[in-house]
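Remarks on the overall topology
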Amino acid sequence: MRTPIDARLYQIGFLTSFLLLGFLTRDWQLHIEVVLTAIVAALTTQYLCLKLKNSRNLLVPLPKGDLGGSSQFYSPMITALGLSVLLRVDHPWAMAFAATIAVLSKFLLEFNQKHIFNPANFGIVCAVLFTDEAWVSPGQWGESMWYVGMFLICGGLVLKKVGRWDTTIAFLSFYFAMEALRNVYLGWTWDVWSHRMMSGSLIMFSFFMITDPRTIPNAKPARIIWTFTIALITFILRNYFFMTTAVFFALFLAAPLTILLDWIFKDDRFDWFNLPSAITPEIKSV
Amino acid sequence: MTMIRSFFAIVLSLFLVFTNSLPALAFCGFYVAKADTKLYNQASQVAIARADDRTILTMANDYQGEAKDFAMVVPVPTVLKKEQVKVANPTIMERLDAFSAPRLVEYFDANPCEPVREYKSFGLPLPSAAPAPIASNRSREQAQGVTVEAQFNVGEYDIVILSAKESGGLESWLQDNGYKIPNGAKDLLKPYIRQKLKFFVAKVNLEKFETSGFTKLRPIQIAYESPRFMLPIRLGMVNAQQAQDLIVYILSPKGRAEVANYRTVRIPSDVNIPQFVKGEFSDFYKSMFNTSYDREDRNVAFLEYAWNMGNCDPCSADPLNPDELKQAGVFWLEQPIGTNKPQPIWGGRRPMPMSSNVFITRLHVRYTRDKFPEDLMFQDTNNQENFQGRYVMQHPYLNESNCDAGKQYRAGLPKRFDQEAQTLSKLTGWKIEDIRKKLPTVNLADVSWYDRFRAYVR
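1. A closer look at the overall build of chain B
The helix and strand tally for chain B stands at 10 helices and 21 strands. Counting the 458 residues in chain B, one finds 45% classified as buried. For chain B, the proportion of contacts with a sequence separation of at least 24, taken over those separated by at least 6, is 87%.

Okay, structure coming up:
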């Protein structure tokens, strides 16, 4: 029987290629030392936290047979790459701060064995709020359809692997609809709307951040409510508070809602090692 | 506007920085020419000094027509009172332009037979300035749904601040008051009305203009506090057939600014180009801009300059002094805010490094209706990294040099010239054959074949 490839490895592959693509074709002022800082900081933090957790035998045990195995480092790697793609810093230490606090948040801010915040999102918001060195460039992808298409395909692949595509679809549908209503109300032509919606950064967020199965509500109806909330907060922050990076703050603000929704809508917690069989026939055979 | 469009294969200029390495000693080079806004026929210039939500916006125009026909309608975020509007010094935009313009710098190779380096510099600055208004006439009554929030006179301008409920009402108010509104403006006014923006309407008070002694209309400067950090470009495109150039100077205490809803792309920079470009630097820059604009699919904002205003390297003009910065709208000089380092309190009356907390970003946007559907949104970042559009001329040493080092040096020159020619061709789309004709010739008669071969394969 063939062992299936962990969906997170796909994600690492995609994020790496986006990073390279942005660097080579989108004129990002990406510094290799910043990317390396993110990776080193995230992996080190993960290692130290695991170590601490195990030696003291605190909280929950790690998934069986995987104490310190390489798959424990997929998640911090994704976090580091996600931060490198999205967050821009003036000095590497700000990236180190973002990556460290992002991974720490997984260990410290958890409820019912689930971390409350998406690590990369938490890192971004903290770095933007608490350092004078970090920012997010929402215009960095431009709005070429080509990139949008690529996000759709790559994101779609990963999502299909873990069965959380409904969050992306729900979020984009709610958000597109709200913006469309506003567009009609204001009387803008439709190219204004499509220009806003085709933003590569928005699509990137919808496919790679809002879908993190470890931080979103477990039950489908809960996820729909949750994505609606994020779409609404994004809409308000963007159009009434003129925040250019509204989505990240919306996700940050809505994250604690997951606890409440999980309590109301009981469903199995997501586990990378016990994927819902209905969605991934490949894994079913294991 | 004539545009030289080219479709040559493009290689990122970044690559060339590594292949054409400069002598380490000559790091910063000397400034010789600049490509300022005089190059463009239809260019608006806007300076935005902004810290937190407080904004001072300066709009310059090079309106060429009769002063009586001049009028402008600009959506603004808040109602402006008389004290929030003033007329700016007409030279201030020229100063900002000159300080931040893309620049040509030159270096001189030393005699390879006697390794002493020598520098010379030339200064051939070009003149500057330029924008595009909306035309019209006089004002009088009122129409439905339109409220005159304020009405005052500043310098040579009569200014009315309007708020409106319906675009039809606003359109007829403007028409009734003698403003010639272009067809299709009504549909474009509506989104601004619904976003609760006010309208800043200015026209020239002829008496005041005649007595002012100025021959050109001066820039208008407005101050307001609003979280909106944007420039409405849609209204300006109602009737525009061709692309319009907009140069935005953003002054911030934090760092570099960028466009939030379009890509911000650095203009190719730090490349070595042949010497003859010195005589046609304006043409070079225009062609290079056109090529970059086409290559980026015409929907990006170009970053031409990003620098702390306390210094420049090389300087295409003197840095603005504190008084000029204030004229440009910088209001935080006396009360440092944001990321400022605390001033030393010892040492008595030491002069404050005033401009160290002013960072300038020069963005060049060439926009058309089809590629820029949405107004420009900006954001300031903490990015302190400097950037400038800088083009390097490396003058070869072509006098007699008969020592071995001299021969090897000369053997390497043809390859270097050709690399510079190729760079130029890629950047501008100019034909490589035409460029090669203008390259200097090198006497290689006394250079051995193996020196030539070595230079070739190096």
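2. Quick look at the overall build of chain A
Each helix and strand counted, chain A has 13 helices and four strands in total. Put simply, chain A has 286 residues, and 44% of those count as buried. The long-range fraction of contacts in chain A, counting pairs at least 24 apart against all pairs at least 6 apart in sequence, stands at 77%.

3. Considerations on the nonpolar core
With 90 residues, the main nonpolar core has A47, I159, L170, F200, V248, L251 and A328 of chain B as its most contacted residues. In terms of residues, this core owes the most to one element, strand β17 (residues 300–308) of chain B, which gives seven residues. In this structure, A47 of chain B is in contact with T58, M93, L96, Y249, L251, A328 and G329 of chain B, ignoring residues within four places of it in sequence. Residues L15, A42, M77 and A231 of chain A belong to the second largest nonpolar core, which totals 71 residues.

4. Observations regarding unusual backbone geometry
Residues and elements named next belong to chain B. Located in the positive-phi region is K196, a residue other than glycine, with phi close to 65°. Within the secondary structure, K196 sits in the loop between α4 (185–194) and β10 (198–204). Located in the positive-phi region is D270, a residue other than glycine, with phi close to 55°. Residue placement: D270 occurs in the loop between β15 (263–266) and β16 (271–272).

5. Quick notes on the domain arrangement of chain A
Residue and element names in this part refer to chain A. Domain assignment breaks chain A into domain 1 (31–136) and domain 2 (154–278). Across the contact, 16 residues belong to domain 1 and 17 residues belong to domain 2. With five residues, helix α5 (residues 119–130) is the largest single contributor of residues to the side of domain 1 that touches domain 2. Classifying every residue of the side of domain 1 that touches domain 2 gives nine nonpolar, six polar and one charged.

6. Some points on the pairing of strand β4 (residues 70–76) of chain B
All names here are of chain B. Most of β4 sits out of view: seven of its seven residues are buried. What you see with β4 is no split at all: F70, M72, V74 and V76 on one side and A71, V73 and P75 on the other are buried throughout. Examined bridge by bridge, β4 and β10 share six bridges and lie antiparallel to one another. Considered in β10, the bridge of P75 is made with F199.

7. Focus: the interface of chain B and chain A
Chain B puts 28 residues into the contact, and the matching count from chain A is 26 residues. Partitioning the side of chain B that touches chain A into residue classes produces 10 nonpolar, nine polar and nine charged.

8. Some remarks on the packing of α5 of chain A against helix α11 (residues 246–254) of chain A
All names here are of chain A. One way to put it is that α5 packs onto α11 with a least axis distance of 10 Å and a crossing angle of 115°. Considered as vectors, α5 and α11 are oriented roughly perpendicular to each other. Remark: the crossing between α5 and α11 carries left-handed chirality. On α11, the residues that touch N121, F122, I124 and V125 of α5 are F248, F249, L251 and F252. Among the residues making up the contact of α5 with α11, the classes are represented as seven nonpolar, one polar and no charged.

9. Thoughts on the sheet that holds strand β12 (residues 230–231) of chain B
All names here are of chain B. The three strands lie next to each other as β12-β19-β14, forming an open sheet whose pairing is antiparallel. For this open sheet the edge positions go to β12 and β14 (257–259), each flanked by a neighbour on one side alone. As paired elements, β12 and strand β19 (residues 376–380) share two bridges and run antiparallel to each other. By the bridge assignment for β19, M230 is matched with M377.

10. Examining α4 of chain B
Within α4 of chain B, seven of the 10 residues are buried, leaving the element largely enclosed by the surrounding structure. Taken together, the buried positions of α4 of chain B are A185, L188, L189, K190, P191, Y192 and I193 of chain B. Turning to α4 of chain B, the residues buried within the fold contact α7 (165–186) of chain A together with β4, β9 (157–164) and α3 (167–176) of chain B. Two residues or fewer past α4 of chain B, K196 of chain B is found with a positive phi of approximately 65°.

11. Quick notes on the environment of E171 of chain B
All names here are of chain B. Structurally, E171 is set in helix α3. In this structure the C-alpha to C-alpha distance between E171 and N111, which are 60 residues apart in sequence, comes to 70 Å. Aside from chain neighbours lying at most four places away, what touches E171 is I181, A185, K186 and L189.

12. Details of the environment of R263 of chain B
Assignment of secondary structure puts R263 of chain B in strand β15. Not counting residues within four places of it along the chain, the set of residues in contact with R263 of chain B comprises R26, G139, Q140 and G142 of chain A together with V300 of chain B.

13. So, the pairing of strand β8 (residues 146–154) of chain B
Residue and element names in this part refer to chain B. Across eight bridges, β8 lies against β9 in antiparallel orientation. Across the sheet, residue T147 finds its bridge partner in β9, namely S163. Between the antiparallel neighbours β8 and β9 lie two residues, among them G155 with a positive phi of about 55°.

14. A word on the environment of V192 of chain A
Note on placement: V192 of chain A falls in helix α8 (residues 190–197). Residues V192 of chain A and T44 of chain A lie 148 residues apart in sequence; the distance between their C-alpha atoms is 44 Å. For V192 of chain A, the residues in contact, after removing those within four places along its chain, are N183 of chain A together with P373 and E374 of chain B.

15. Some words on the confidence of the model for chain A
Residue and element names in this part refer to chain A. For chain A, per-residue confidence averages 82 on the pLDDT scale, and residues scoring 70 or more make up 85% of the total. Averaged pLDDT values over the elements of chain A bottom out at 32 in helix α13 (residues 281–284) and peak at 94 in α5. Within the model, pLDDT remains below 50 along residues 276–286, and this stretch shows 14 contacts once partners closer than five positions in the same chain are excluded.

Rules of the game
Residues numbered from 1 in each chain as written. Chains lettered and ligands numbered in written order. Predicted model: local features only at pLDDT ≥ 70, side-chain atom pairs only at ≥ 80, totals over all residues. Helix = DSSP H or I, 4+ residues; strand = E, 2+ residues; numbered from the N terminus. Buried ≥ 20, exposed ≤ 12 C-beta atoms within 10 Å, placed from the backbone. Contact = placed C-beta atoms within 7 Å. Core = buried A, V, L, I, M, F, W, Y, C linked by C-beta atoms within 7 Å. Domains from an automatic or database assignment. Nonpolar A, V, L, I, M, F, W, Y, C, P; charged D, E, K, R; others polar. Pairing = 2+ DSSP bridges. Axes fitted to C-alpha atoms, helices over the stretch in contact; angles between N-to-C directions. Parallel < 35°, antiparallel > 145°, perpendicular 65-115°, else oblique. Left-handed = near helix turned anticlockwise from the far one by under 90°. pLDDT = per-residue confidence, 0-100.

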